[in-house]
Every structure is written in structure tokens, then in C-alpha cells.
Amino acid sequence: MAIDYQRLKDWKIPVVELRYTQKDSMLYALGVGLGSDPVDTQQLRFVYEERLQALPTMGTVLGYPGFWLQDPATGVTWQQGLHGEQSIEIHEPLAPAGHVVGRTWVEEVVDKGASKGALVYQRRTLTDAASGRKLCTLVSSTFCRADGGFGGPPRAAPAPHAIPQREPDTSCDLPTLPQSALLYRINGDYAQLHVDPEVARSAGFDRPILHGLCTFGVAGHALLKGICAYEPARIRKMAARFSAPVYPGETIRTEIWRDLPGRASFRCRVTGRDIVVLNNGLLEYED
């Protein structure tokens, strides 16, 4: 079954109401590598209940509606789908525990061509359940590698943020654990690509890969450390494009350029393979 443009645009994605606890905030932080140094008091603020704070990127796993593109009626060959891009705009810092509502809808579907795949753009708002205050806005794309040529209306994909053509101002190396994907998936993303070797092989990988949003969270940690002195309320927006998979256990180096007051560019590479895995990154923050 091929993608039907209007049916996918009109797809009703369930609203998700979620109560999360301090335990969930600590689990998310552990999943993206916080606490690797047990005497680093800056990292302990995100994994220890005393004066606990939530990581800014934790909004990516709250109010998540699940892997709904796996429904055969979407027309998407889900085994060939990859996370393409991700952004999070933070309107209000997340509390370490709370009650939130996530509303997700399909914003656009781009047909890149029969041999080039398709892009499905989703937008999600995360609001406080009691007050209705908007906490985060998230936009993501899924690159459907096998589903181009369905006849969607012509539309160019948005241009990515340009990385400066000079050496980075600073960099930050952060390790991932061999079991990082198994730990991270407990946050709610149970896609089989990240745990089942057979599914990973059918998608063209020799073993399960790390969740793109886990890589995104590792980059968020690096930016929080390298730019914002571990002060989460300073981060306003973070966006990036996924360019290659990470395998659990690899070390991720985040290269950072300070562009303007309150704005930085970044990209991530796996040091062992010297391959860029997250590109065209943009950070907006309180200077």
C-alpha cells in the first residue's frame, strides 16, 4: 500500500495525557548518559532526587504518541523509516515531575521522488494539564526511505541550518553505554529497530542502533555543559538533522561554534568511526 497524501495529513493521532515522576526524569537523564562521573555534582543534579532538575531535552519523550507510522494503513514501510530531523522549543522549563498533555499532528508530507523516499513532518505541543500553559513545541521528520513517488504535491524540504566553515570553538566527548538503547527505550520509544537484531538487519544495519532522540539528548547534555554551565533554564531551542546512526557503546563528540550572543551551531560525530551522526545543529539560549 502506497502513502495516500490526504489520508496521512488527516491522520488522527491520539492525545496523550501523562503523569511523570522524579523517577522518570532520572531515568531519562541516565538514558542519555548523565551520571557517568559519579562525583560530578553538576551531573548529579539530574540523576539524584536532592534538588533534582529535568533536562531540557526530556520534552522529546513526554506526551509521545508511540510509533503510529507502524500502522499498515499509513502506507509507510516502517522498517525502512528513520528519524530525519528534530527540534524542541522550550517555552517554560520542565519540572522534574508533572502532569502533561501531548497533542501531535501531521504537518506535512513531502514526496522526494520514487527513488528518493518521502518525509513525514509531525508537530507536537506539550502543555501543563492543569493550567494549559504551553511547555514545549516539538517538530520532527521521519525519512521514509522506501515510500517516495506516491504523487504528493510538489514541495521542497526546508533548508537545513548551515554549519560555519571554520574549526569549532569547543568540543565535548561523551560516551554511550553498550546497553544505552535498552535503557533509553524504557522512556517510551519501543521501536524494534533499537532492540531486535533481526529487525535491525532487515533495515540494513548489522545490529540494533541507538535511538536518534538518545543521540539528540547526548548532544543536549554536551550543549548544556559546554554553553550553558549546566543551567537548564537557559536553553530556549535546539534543532538538528540526523545524518548517520550511532551504535550503543560509541563515544559522541559534539563540536560547537559560538555564532552570536544567544546562538550556537553544533554537530556530532562518532569518534571511533569519524563519521558525522548529527548535523546542521542550532542552539538558541539565554546568553
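Look a little higher up for the structure.
Described in the following lines is the structure provided in the data block. (Residues numbered from 1 in each chain as written. Predicted model: local features only at pLDDT ≥ 70, side-chain atom pairs only at ≥ 80, totals over all residues. Heavy atoms only, no water.)

**A few points about helix H6 (residues 212-226)**
Point 1. Compared with an ideal rise of 1.5 Å per residue, which puts 15 residues at 21 Å, H6 spans 21 Å between its outermost C-alpha atoms and is within 8% of the ideal.
Point 2. Extensive coverage of H6 is indicated by the burial of 13 of its 15 residues. (Helix = DSSP H or I, 4+ residues; strand = E, 2+ residues; numbered from the N terminus. Expected span 1.5 Å × (residues − 1). Buried < 20%, exposed > 50% of the residue type's maximum accessible area, 1.4 Å probe, protein only.)

**Some points on the layout of surface pockets**
Point 1. In this structure, the largest pocket encloses a volume near 1000 Å³.
Point 2. Around the largest pocket, the lining comprises 50 residues; the ones closest to its centre are Leu-82, His-83, Gly-84, Ser-141 and Thr-142.
Point 3. Broken down by secondary-structure element, the contributors of at least two residues to the lining of the largest pocket are strand E2 (81-90), strand E3 (98-113), strand E4 (117-128), strand E5 (134-144), H6 and strand E7 (235-242).
Point 4. Elements supplying a minimum of two residues to the lining of the second largest pocket: E2, E3, E4, E5, E7 and strand E10 (275-285).
Point 5. When grouped by side-chain class, the residues that make up the lining of the second largest pocket number 9 nonpolar, 7 polar and 8 charged. (1 Å grid on protein atoms, 1.4 Å probe; cavity = no way out; pocket = protein on both sides within 12 Å on 5 of 7 lines; lining within 4 Å. Points joined across faces, edges and corners; volume = space filled by probe spheres on them. Nonpolar A, V, L, I, M, F, W, Y, C, P; charged D, E, K, R; others polar.)

**Observations regarding the pairing of strand E9 (residues 263-270)**
Point 1. Counting buried residues along E9, 6 of its 8 residues qualify, which places the element largely inside the surrounding structure.
Point 2. For strand E8 (residues 251-260) and E9, the ladder comprises 8 bridges, and the chain directions are antiparallel. Its bridge partner being in E9, Arg-258 is matched across the sheet by Ala-264.
Point 3. Where E8 folds back onto E9 in an antiparallel hairpin, the turn is made up of 2 residues, including Gly-262, whose phi is positive at roughly 85°. (Pairing = 2+ DSSP bridges.)

**Structural notes on empty space enclosed by the protein**
Empty space among the atoms becomes apparent when a probe as large as a water molecule is rolled across them.
Point 1. According to the stated counting rule, one finds 1 cavity of 30 Å³ or more in the structure shown.
Point 2. Lining the largest cavity are Thr-60, Val-61, Tyr-64, Tyr-184, Asn-187, Gly-188, Asp-189 and Leu-213.
Point 3. Tallied by class, the residues present in the lining of the largest cavity amount to 4 nonpolar, 3 polar and 1 charged.

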